[in-house]
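# Working through the structure, step by step
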Amino acid sequence: MPLKRASLAAILCAASFVFITAQADSAIQQTKGDFQDKFRQLEEVLPTPNVYRNAAGEPGHMYWQQKVDYVIDVKLDEDKRRLSASQKIGYTNNSPDTLKYLWIQLDQNKFRDDSMSALTTTFGGIGNRGPATQGANADSPARLSLGALRRQQFVDDTELGYDLQKVADGKGNALKYTVVGTLMRVDLSAPLKPKSTTELNIDFAFNIVEEDAVSARAGYEHFADDAREGGNDIFLLAQWFPRLAAYTDYEAWTNKEFIGRGEFTLEFGDYDVSITVPADHIVSSTGELANPRDVLTSEQRKRLKQAETAERPVFIVTPDEALENEKEGSSDTKTWRFKADKVRDFAWASSRKFMWDAKGYNQGGDEQPLVMAMSFYPKEGGDLWKKYSTESVIHTMEVYSRFSFDYPYPVAQSVNGPVGGMEYPMITFNGPRTKLQDDGERTYSLAEKRFLIGVVIHEVGHIYFPMIVNSDERQWTWMDEGLNSFLDGVAGREWDPTIPWGVEPRDITDYMKSSTQVPIMTQSDSVLRLGPNAYTKPAAALNILRETILGRDLFDFAFKEYAQRWKYKRPTPADFFRTMEEASGVDLDWFWRGWFYSTDHVDISLDSVYALRLDTEDPDIDFSRQREAEMDKPLSLTDERNKAEGIELWVDRNKDIRDFYDDNDQFTVTNKERNKYQSFLKNLDPWEKRVFERAVKEDKNYYVLDFSNKGGLVMPIILELSFEDGSTDNMYIPAEIWRRTPKAVSKLIITEKDKVLTSVTVDPRWETADVDVENNHYPRRIIPSRIEAYKSERSESGVRRDLMQDIKTELKSDGEAEENESEQE
């Protein structure tokens, strides 16, 4: 990483972060025994608070961030599938530092065959993004999916990456620039001082990738079977223009190479974008349409107005209009102009295939009382999209605003295309579709319905996190994906709890005990399994924090405080951790350490339960109890069989030589024990005597429960106590019970005399992500499972093929083969 210029405060902040992270655990060392402090304070690891980010987790009194404004004219060449554009950038330096150069992200360069992303993609490795490959071993050949071959062929056949045609200052003077992979350093003609603004002009072009071929976050999708000659395309455009890298107080330039896994770190600004497309295209975009009279018919504008107060979504472009529109092309063009203020990015979509529906969301408030929720989708979206897309957009805003702030933008959009799910300010790309059946009907599965509702909620939720609460996605994926997955689980279960939202503690247990787990705090590109690490585990952790540890009132207050503190600002993990603690009033350092900084898992085992009875110290009582206990032990098998066989005991045959001990045993009470008891009572202080006599009189049940922490992750111990009378009690033991003995603890439980304990279950409702629920039961339960009968079949591969019979098979025509395949489905 190149040398960075920064203020002294920023350098000290960054240096302290590196030093503390590396040295904290060595500053305090446990050199005796094996004690590990699971409750060690996280302040040793977190960066030192400063004037930019204070100890409470909120922006400091000297907090700053840069501002970048864009004016862009872009043209889509549909036939060539190519974009060309000119952009004017206004960069305002709000930092205390003087900048000699600017770093700009060139994300399209990722698709070049000489990019770091391409050159470092392993064959058959773990965590690769895109088409699957599988390495060879002694028993099976290597496997290269057709998708991987398609990707390779597309990259070979298409010139990808940016064609930079001009890089100049505001006066048109050429500027020196250096391209470094997916980044470009632009050397300024004069240093940019604090509180100053400079202008850049960049002309560029690039060939749009086919999304299905390269597994990108944007691109085109081709529909060869449409009625129009040559078919139609849906274009989803994101990461399409050179964007300023972020310059921050904690890292200076965030110029990490775009490999594909870690997403984006960007600055807020205002956008004015003019998009020229074929005249029959419909455009969905970040921002508010500034020239509706130029691009929409009077009927479409009328429908939009009606949609503002409609009970259900209103079609702006109807299904019939969209179907008719996709039959013919147009050589004419229209320019759609969109303006967006206070956004960190800009994306858009364009196609003649789109139908378009809208519904107003009247949320009230002063900032943005009316939001237009809108969906754009082709006929392939069918009734699935008509019913659920726009309604899901509105439901998301209703729920997320309770946990953060009112939705601040004029539109919120869901667009169907080749991208399974991606988010940008005011616009999201979502992939689920219907399937065309032979009878012409379009149907969808329950899974596809769940997918659409879930992905729309998730991606629209991202407009809050990180499009407004602007975390660093390239560094910490979990800060937007994890928080958003937690909230989409909240919103999803308020939609339909029967849909598996994947954020319950039980959903993460397999990953947490796996060897491919890495700490949540791992940098995005180094995570081995992104889904469970950055989405499910932090979401489950926050669910546990809300439902089990803090409770809803404390959690919801603290989470909303975090969102409002960092609205339109850039938080770091430390800001989130500190805010949640400061606003809830609860020390959560042990929780962040265990869940976010380690790969420990939860496995609390209830190893034993001892039923105890208080000794009265009165020998006439205690010795009698001891005799009863001895008599309750199982009879010796030898003695039982001797008796059954009629064997007469020696002592019974020789009664003339019996002595004192044949009539008295070790439980016989003498006055010596009685005198000792009286002396014991006499020597008690009055309060001691009162306490002891009350305990003897009440004769309560005493139970000692022994727990072991097999997973290493400390968590509260949640108990369900079942009693002889059929009743149950629940007991919550805070995680702090593990503070001094993190490997094993014992807990005394006292019940009334008539409440006899029969069984105990740890975490009966699976609240804590315990990976082994079987050792949670005492006594151990019989493990329920299944067994399946099957018929073994003889192999017909290799030398076992019946070639004499198979050689008689007739070759089928293409039509017959397709019909046979359809019947098999």
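The structure under discussion appears in the preceding block.
First things first, this report covers the structure right here in the doc.

## Some details on the packing of helix H16 (residues 619–631) against helix H19 (residues 671–682)
- For the pair H16 and H19, interaxial distance at closest approach is 9 Å and the crossing angle is 120°. The pairing of H16 with H19 is recorded here as oblique in orientation. Contacts between H16 and H19 involve Pro619, Asp620 and Phe623 on the former and, on the latter, Glu673, Arg674 and Tyr677.
- Its residues assigned to classes, the contact of H16 with H19 comprises three nonpolar, no polar and three charged.

## Quick word on empty space enclosed by the protein
- One pass over the full model with this rule turns up five cavities of 30 Å³ or more.
- Of the voids in this model, the largest cavity is the one considered here, and its volume is about 150 Å³.
- Considering only residue class, the lining of the largest cavity consists of eleven nonpolar, four polar and four charged.

## Considerations on unusual backbone geometry
- Of note, the bond from phenylalanine 465 into proline 466 is cis; its omega dihedral lies within 30 degrees of zero at 20°.
- Here proline 466 is to be found in the loop between helix H9 (446–461) and helix H10 (478–495).
- Each neighbour pair has its own omega, and for tyrosine 778 with proline 779 the value is -5°, a cis peptide bond.
- Within the secondary structure layout, proline 779 lies in the loop between strand S34 (777–778) and helix H21 (803–806).
- Backbone geometry places tyrosine 568, a non-glycine residue, at a positive phi of 65°.

## Some details on the packing of aromatic side chains
- Scanning the entire structure with this criterion turns up 50 aromatic pairs.
- Relative to phenylalanine 204, the ring of tyrosine 162 lies with its centre 5.7 Å away and its plane at 80°, an arrangement referred to as edge-to-face. Residue tyrosine 162 is located in the loop between helix H3 (146–157) and strand S6 (163–169), and its partner phenylalanine 204 is located in strand S9 (residues 196–207); the two are separated by 42 residues in the primary sequence.
- Under the relative-accessibility criterion, tyrosine 162 is labelled buried at 11%.
- Here tyrosine 247 and tryptophan 253 contribute two aromatic rings whose centre-to-centre distance is 5.1 Å and whose plane-to-plane angle is 65°, an arrangement assigned as edge-to-face. With respect to class, tyrosine 247 is no different from tryptophan 253; both count as buried.
- Across the ring face of phenylalanine 264, the terminal group of arginine 243 is positioned such that the distance to the ring centre comes to 4.6 Å.

## Examining the sheet that holds strand S10 (residues 219–223)
- An order of S10-S11-S20-S16 is seen for the four strands of this open sheet, with the pairing classed as antiparallel. The sheet is open, and its two edges are formed by S10 and strand S16 (282–285), each paired on a single side. Strand-to-strand, the axes of this sheet are offset by a mean angle of 10°, without reference to chain direction.
- Where S16 lies against strand S20 (residues 348–351), four bridges are found, and the strand directions are antiparallel. When the bridges of S20 are listed, isoleucine 282 appears paired with serine 351.

## Quick look at the nonpolar core
- Within the largest apolar cluster, 196 residues are counted, with the highest numbers of intra-cluster contacts made by Trp240, Trp348, Phe429, Phe576, Phe591 and Trp595.
- Looking at this core, the element that brings in the most residues is helix H12 (residues 530–550), giving ten residues.
- Excluding residues within four positions of it along the chain, phenylalanine 591 makes contact with Ala541, Ile544, Leu545, Ile549 and Phe596.

Criteria and cut-off values
Residues numbered from 1 in each chain as written. Predicted model: local features only at pLDDT ≥ 70, side-chain atom pairs only at ≥ 80, totals over all residues. Heavy atoms only, no water. Axes fitted to C-alpha atoms, helices over the stretch in contact; angles between N-to-C directions. Helix = DSSP H or I, 4+ residues; strand = E, 2+ residues; numbered from the N terminus. Parallel < 35°, antiparallel > 145°, perpendicular 65-115°, else oblique. Contact = heavy atoms within 4.5 Å. Nonpolar A, V, L, I, M, F, W, Y, C, P; charged D, E, K, R; others polar. 1 Å grid on protein atoms, 1.4 Å probe; cavity = no way out; pocket = protein on both sides within 12 Å on 5 of 7 lines; lining within 4 Å. Points joined across faces, edges and corners; volume = space filled by probe spheres on them. Phe/Tyr/Trp six-rings, centres within 6.5 Å; stacked < 30°, edge-to-face > 60°. Buried < 20%, exposed > 50% of the residue type's maximum accessible area, 1.4 Å probe, protein only. Lys NZ or Arg CZ within 6 Å of the ring centre and 35° of its normal. Pairing = 2+ DSSP bridges. Core = buried A, V, L, I, M, F, W, Y, C linked by side-chain atoms within 4.5 Å.

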